[in-house]
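# Overview (structure and organization)
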Amino acid sequence: MRILIGDDSLTHRVMLEAIVRRWGYEAVLAEDGQQAWELLSAPEAPRLVLLDWEMPGLDGLEVCRRVRARQDQDPPYILLLTARQETADIVAGLDAGANDYISKPFENTELHARLRVGARMLDLQRELISAREALEFQANHDALTGLMNRGAVMRAMEQAMQAAGQGGQTLQIGLIDVDHFKQINDSHGHPAGDAVLQAVSRRIESVLRAGDLVGRYGGEEFLLLVNGEVDEAPAFCERLRGVIADQPFVEGQVALRVTVSGGFVPLTPSDRRGTSELLAAADDLLYRAKAAGRNRIFFNQADDGARQAAPAAGETKRSAG
Ligand SMILES: [Mg+2]
């Protein structure tokens, strides 16, 4: 582990560096508070900090205050070094944001023990951060497909709509539904159905570009948000339809033919519709794609009626799903 040693005394720096090296730490040296602050502001900054209180310019206390004011997710652990022994001073140091302090002169064994405490706290902090990130991921993602869940994709959609409106960009908002999904479950079992949903998710992702979004909207229904002008919609919808329909899904020994139906509506910068209206419009197109025989994705171009991306040769059947 690396330790930042900030001390304006060359003698102290050299001595501290030699000591911590012997304990297996790597030392990064700062000659004053300003340099310490700059090193702490750089990417990959040391997380364990040994900081002299009394330094010209920025003193150790001020460096502590600046570090705490940043409110990082993963702040450094700061051990303040001071000749001061008064309780009021110690309180001031801790209040400024130091994690701990040690009074000069100190015993090396005590410094070593306090650094070990710091390293332990930093490990614990990292564990908590990973646990929180894992929980956040779980809260926002669908466990089966790994896609954003409904709540998360709706929030992401709201944000993307705002950004696109401000940036003058057009978006395509779409709902995709796996055709006859109930039959897949009934005929091949739920594990096969789950595998199909996972594979469909990967295939949808394969036709998306950076900045596009997809989430699991419902059971076998997906919400997509795709960047692109209205005249790009036909080609995109055909790619999306084809990437699902053109290759069978192999589950165990069985090759399953899976298709999707969908509806896409454009959102131009001047369009004032909100998410619920857009989703209702996309859902209406999806319904019409199902009614027209499935394995097709209908889209609105400008404000005319729906056109479609459909299989070249008409096949597909009726019934719900
Ligand atoms: Mg000093």
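Residues numbered from 1 in each chain as written. Predicted model: local features only at pLDDT ≥ 70, side-chain atom pairs only at ≥ 80, totals over all residues.

### Digging into the nonpolar core
Generally speaking, nonpolar side chains in soluble globular proteins are found buried as a group. Ranked by internal contacts, the top residues of the largest apolar core, which has 44 residues, are I173, L224, L225, F264, A282 and L285. When residues no more than four places from it in sequence are discounted, the contact partners of L224 are G174, I176, L213 and V214. In terms of nonpolar packing, the next biggest core, distinct from the first, is built from 26 residues, V49, L51, C64 and L115 among them. (Core = buried A, V, L, I, M, F, W, Y, C linked by C-beta atoms within 7 Å. Buried ≥ 20, exposed ≤ 12 C-beta atoms within 10 Å, placed from the backbone. Contact = placed C-beta atoms within 7 Å.)

### Some remarks on the domain arrangement of the protein
Partitioning the protein into structural domains gives domain 1 (2-138) and domain 2 (150-309). One C-alpha centre belongs to domain 1, the other to domain 2, and the line joining them spans 51 Å. (Domains from an automatic or database assignment.)

### Some words on helix α6 (residues 150-167)
It helps to recall that an α-helix has 3.6 residues per turn; residues three or four apart then point in one direction. Helix length check: α6, at 18 residues, gives a terminal C-alpha distance of 25 Å against a target of 26 Å (1.5 Å per residue), a fit within 8%. Residues V153, M157 and A160 constitute the buried set of α6. What you see down the axis of α6 is that its buried residues fit within an arc of 75°, all on one side. Seen from the buried face of α6, the exposed residues on the opposite side, beyond 90 degrees, are G151, E158, Q159, Q162, A163 and Q166. Along its buried surface, α6 packs onto β6 (171-178), β7 (213-216), β8 (221-227) and α10 (275-291). Just downstream of α6, G168 is the residue with a positive phi angle, here 70°. (Helix = DSSP H or I, 4+ residues; strand = E, 2+ residues; numbered from the N terminus. Expected span 1.5 Å × (residues − 1). Arc of directions from axis to C-beta.)

### Description of the sheet that holds strand β1 (residues 2-6)
Taken in spatial order, the five strands line up as β2-β1-β3-β4-β5 in an open sheet, and their pairing is parallel. If you trace the sheet from one side to the other, it starts and ends with β2 (26-30) and β5 (100-103), each paired once. On average, adjacent strands in this sheet sit at an angle of 20° to one another, irrespective of strand direction. Judged from the four bridges that link them, strand β4 (residues 77-82) and β5 form a sheet pairing that is parallel. Looking at the pairing, L80 lines up with Y101 of β5. Those strands touched by helix α2 (residues 33-41) are β1, β2 and β3 (48-52), and its axis lies near 155° from that of β1. (Pairing = 2+ DSSP bridges. Axes fitted to C-alpha atoms, helices over the stretch in contact; angles between N-to-C directions.)

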